[in-house]
Amino acid sequence: MSVPFSGTLRRSGGIVSAIGKQLKSVNLKGVKRITVQFDPFAENVKSTREFLFLLSTPKVVQTNPKCVVKSDIVCDRKPASIKFSLIDSAQEQAKVKEIRFNSDNLNTLELLQLCNKHVSSLAPPEEVTNKVLTKAEKQKLGGGAGGGKKAPKKK
């Protein structure tokens, strides 16, 4: 008699792949300013510094180039915090002006998950723009403006 299989077929990708997955879904369109405040001599500041670095990657910056990321480095032994100042439409949707995270006891993955849950969900929906079609694309779609041979009529 054999033991029935239980568990997963593959192992998890680890913390690095989980951070990469969360980083792909970060959307800062609903944010106009991000302020990261931390004491560099505190014990639990590494994850906040990593989060600040991840916010400045080109893919995240591309979601909202007008968003200002500011770091306040203080020496007052206060816990690290991250403040997201929202745009007007996101303020109306969330009914708050800003979102604050006390990031002292959170790791980088948890900060990204919270950012996606509370901040990225406030991004306004993308507007659909009309694509300009070339002549060849118009003809493929079905009958552009002349130029092609017409099929003879059947009697």
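Residues numbered from 1 in each chain as written. Predicted model: local features only at pLDDT ≥ 70, side-chain atom pairs only at ≥ 80, totals over all residues. Heavy atoms only, no water.

- Per an unreviewed UniProt entry, the recorded name for the chain is Large ribosomal subunit protein mL53, and the organism is Drosophila ananassae.
- What UniProt records for the chain under Subcellular location (unreviewed entry) is the sentence "Mitochondrion".
- Its UniProt record, at the heading Sequence similarities (unreviewed entry), says of the chain: "Belongs to the mitochondrion-specific ribosomal protein mL53 family." (UniProt positions renumbered as here; feature names shortened; annotations may be inferred.)

### Let's talk about unusual backbone geometry
Moving on, step 1. You will see that Arg77, though not glycine, has its phi angle at about 60°, which is positive.
Moving on, step 2. Take Arg77: it is sitting in the loop between β2 (68-73) and β3 (81-86).
Moving on, step 3. What makes Arg77 exposed here is its relative accessible area of 60%.
Moving on, step 4. With a phi angle near 60°, Lys95 is a residue other than glycine that sits in the positive phi range.
Moving on, step 5. With respect to the helices, strands and loops of the structure, Lys95 is situated in the loop between α4 (88-94) and β4 (98-102). (Helix = DSSP H or I, 4+ residues; strand = E, 2+ residues; numbered from the N terminus. Buried < 20%, exposed > 50% of the residue type's maximum accessible area, 1.4 Å probe, protein only.)

### So, helix α2 (residues 46-55)
Moving on, step 1. Residues Ser47, Thr48, Phe51, Leu52, Leu54 and Leu55 constitute the buried set of α2. In an axial view of α2, the angular spread of the buried residues amounts to 165°, which keeps them on one side of the axis. Facing away from the buried surface of α2 by more than 90 degrees, the exposed residues are Lys46 and Phe53.
Moving on, step 2. Looking at the buried residues of α2, the elements they touch are α1 (15-24), β1 (31-38), α3 (58-61), β2, β3 and α5 (108-118). (Arc of directions from axis to C-beta. Contact = heavy atoms within 4.5 Å.)

### Overview of the confidence of the model for the chain
Moving on, step 1. Considering every residue of the chain, the mean pLDDT works out to 87; 92% of them sit at 70 or more.
Moving on, step 2. Mean pLDDT across the elements of the chain ranges from a minimum in helix α6 (residues 135-142), with 82, to a maximum in β1, with 96. (pLDDT = per-residue confidence, 0-100.)

### A short note on the pattern of salt bridges
Where charged atoms of side chains with opposite charge meet at close range, the side chains can pair.
Moving on, step 1. For the coordinates displayed, the defined rule picks out four salt bridges.
Moving on, step 2. In this structure, Asp72 engages Lys70 in a salt bridge whose closest nitrogen and oxygen atoms are separated by 3.5 Å.
Moving on, step 3. The partly exposed category is assigned to Asp72, whose relative accessible area is 23%.
Moving on, step 4. With a shortest N-O distance of 3.1 Å, Glu98 and Arg100 are connected by a salt bridge. (Salt bridge = Lys/Arg side-chain N within 4 Å of Asp/Glu carboxyl O.)

### Structural notes on the nonpolar core
Moving on, step 1. Counting residues in each nonpolar core, the largest one holds 27 residues, and the members touching the most others are Val31, Ile34, Phe51, Ile82 and Phe84.
Moving on, step 2. Those elements that place two or more of their residues in this core are β1, α2, β3, β4 and α5.
Moving on, step 3. Not counting chain neighbours up to four residues away, the residues in contact with Ile82 comprise Ile34, Thr35, Val36, Thr48, Phe51, Ile99, Arg100, Phe101, Ser103 and Leu111. (Core = buried A, V, L, I, M, F, W, Y, C linked by side-chain atoms within 4.5 Å.)

### Examining the pairing of β1
Moving on, step 1. Here six bridges tie β1 to β3, and the two strands are oriented antiparallel to one another. For Thr35, the partnering residue across the bridge sits in β3 and is Lys83.
Moving on, step 2. The sheet contact formed by β1 and β2 spans six bridges and is parallel. Across the sheet, residue Val36 finds its bridge partner in β2, namely Ser71. (Pairing = 2+ DSSP bridges.)

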